[in-house]
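As a plain string of letters, each chain reads:
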Amino acid sequence: MRLLNVRLRPPLVLALVVAIVVACAGSPAAPAATSVSPSPANAASVSGTSGVTVTPVETRNPEAERPGAGVQTAQPADGRGATTAIGGRSDTGESAGGGTPTPSAGPPSPAPGLAQDGPNADALAQRAWAFLTELTAEHSPRASATEQEARAAEYLAAIYRSLGYQTTIQPFEVSVLVTDPPVLRVTHKGESANLTPAPAVDAQPLRLSAQATAGGLLSHVGLVLGDLPAGSVAGKVALIERGLIPFELKVSRVTNAGAVAAVIYNNEPGQFGGTLTTQARIPVVSISQEAGQELFKLASAGDAEVVVTVAYARRQSRNVVAERPGANPSRAVILGGHFDTVSDVPGANDNGSGVATLLAIAEAIKERDYPFTVRFVDFGSEELGLEGSQHYLATLSSEERRTIVAMLNFDALGSGAAGVYGTDDLANQALSVANASGLRLSREANIQGGSSDFASFEAAGTPFLFFLASDFSRIHTLGDTLDRIDQEVLGTAAAVAIGVLDRIPSLGS
Ligand SMILES: [Zn+2]
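In this report, we go over the structure that sits alongside the text. Keep in mind that this is a model prediction, so the values were computed, not measured.

Observations concerning the sheet that holds strand β19 (residues 464-469)
- In spatial order, the strands read β2-β17-β16-β19-β15-β13-β14-β12-β3; together these nine strands make up an open sheet with mixed pairing. Both edges of this open sheet fall to β2 (53-56) and β3 (166-177), since each of them pairs with a single strand only. Direction aside, the axes of adjacent strands within the sheet are offset by 30° on average.
- Bridge analysis of β2 against strand β17 (residues 442-448) gives four bridges, and the strand direction is antiparallel. Within β17, the residue paired with Thr55 across the bridge is Asn446.
- Running at roughly 165° to β19, helix α11 (residues 487-503) makes contact with β13 (332-338), β15 (404-410), β16 (418-422) and β19 of the sheet.

Encoded structure:
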């Protein structure tokens, strides 16, 4: 699951989340992009406690709820109206627009006369759990574009091969932020600063920051609501408070007044991410409110110096692609999910759960004949911005893309109540399969604060179905551990996905 710190009101959510993902997808990879379409000024990713929420469709008739219908106002340019605070206290339990964060649909009662077809959910749950425990024990963490990710890819490829799938590892390059030296470090604390040493401050570049190293005296300039006197921060690093006006305006004002770098601190607890609307001439980074308060004390001492470094390095990442060709080469169904984790976390739910569920499905259907190609794609570097799925799609011709009749995505589906989010046809089929099998599954109308690889396919016009579960509270934290995973929801996702595969021939063309 890729976290975004923008909280939007339904039904705008998905359209904007997708737009943000698209807009930000090249962010680390191409920070010097020459232009971006106007996007919410604070569109950003945030690490820390998840702020992802889902909003269930309340009616049992999914046709009645179509995400994206309707017109709404843009967020305030500086993002103050968008509740962010991932990692902040105000985050818990928020659900914009009156939805509830917990799917409320009761378990569907099995339709009389419909027997479950195929492997049962309990057996699939046990297999997924076995895959998950081994993956977690041997290959966690597996941060994006690292050696650990590479070893995990080999491990997964070997399993798919052993199941009889034609398997390749598809390498690609990504840009990752250089953190050694740290993005922001205090090089001189000043005479009167009696603070405990904190040489490295957790900071992240704004999108369209310059890539450069710059240092100097730290100068607090507040909200920068007006122009600064010419030369007033010449050669200095401007310490700026977030709020009221766009980052773009603040940064251009301090740049015009001679600043060599800009550090923007949050106006509410926690870190945030942001984007500028034009390429900055100086490095611009964001920090938490707490770090901002510390730096404010240093700046007040008068002679503190900091150095800001914004640099990206190319790293190799990879997807694992495993397929079983079908009778009709012009149709393919992709079952995908990312296998990378954020740094230093176990990633049992995000996304060990999805990877393990994919393996359980691959094993269960390895000898089934479908009238279409079944292709499993385990994506790398999702956590950097859906990089793996974007690369995978970029390697396909438009004709090849059109052969993909459906994309089923599996991400963070191991904790909470099982749900699906996706295109009407596929989501209805999933509910119908669950209903026929007596499995508890609800359809989500919205996903707020996060995204996943389905979004790359959705942007390409592919029908999609995203399997998830309602509790994202521990993803991207050390608490994302095996003991929080509910086997049963893994089995539900696997069984429903197989049921949907069985019904795809009757869908659409
Ligand atoms: Zn994630």
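Describing the nonpolar core
- Formed by 89 residues in total, the largest nonpolar core has its most connected members in Ala430, Leu465 and Ala497.
- A per-element tally of this core places α11 first, with ten residues.
- With residues up to four places along the chain from it excluded, the contact list for Ala497 reads Leu335, Ile361, Leu408 and Phe467.
- Formed by 41 residues, the second largest nonpolar core is a distinct cluster that contains Ala210, Leu239, Ala259 and Val310.

Comments concerning the environment of Val342
- If you trace the backbone, Val342 turns up in the loop between β13 and α6 (348-364).
- Residue Val342 is classed as buried on the basis of its 23 C-beta neighbours within 10 Å.

Quick word on helix α4 (residues 247-256)
- Of all the ten residues making up α4, seven are buried; the element is thus mostly covered by neighbouring parts of the structure.
- Listed as buried for α4 are Phe247, Glu248, Lys250, Val251, Arg253, Val254 and Thr255.
- On the buried face of α4, the contacting elements are β7 (213-222), β8 (237-241), β9 (261-265) and β10 (284-287).
- Backbone geometry just downstream of α4 places Gly258 in the positive-phi region, at approximately 100°.

Conventions and cut-offs
Residues numbered from 1 in each chain as written. Predicted model: local features only at pLDDT ≥ 70, side-chain atom pairs only at ≥ 80, totals over all residues. Pairing = 2+ DSSP bridges. Helix = DSSP H or I, 4+ residues; strand = E, 2+ residues; numbered from the N terminus. Axes fitted to C-alpha atoms, helices over the stretch in contact; angles between N-to-C directions. Contact = placed C-beta atoms within 7 Å. Core = buried A, V, L, I, M, F, W, Y, C linked by C-beta atoms within 7 Å. Buried ≥ 20, exposed ≤ 12 C-beta atoms within 10 Å, placed from the backbone.

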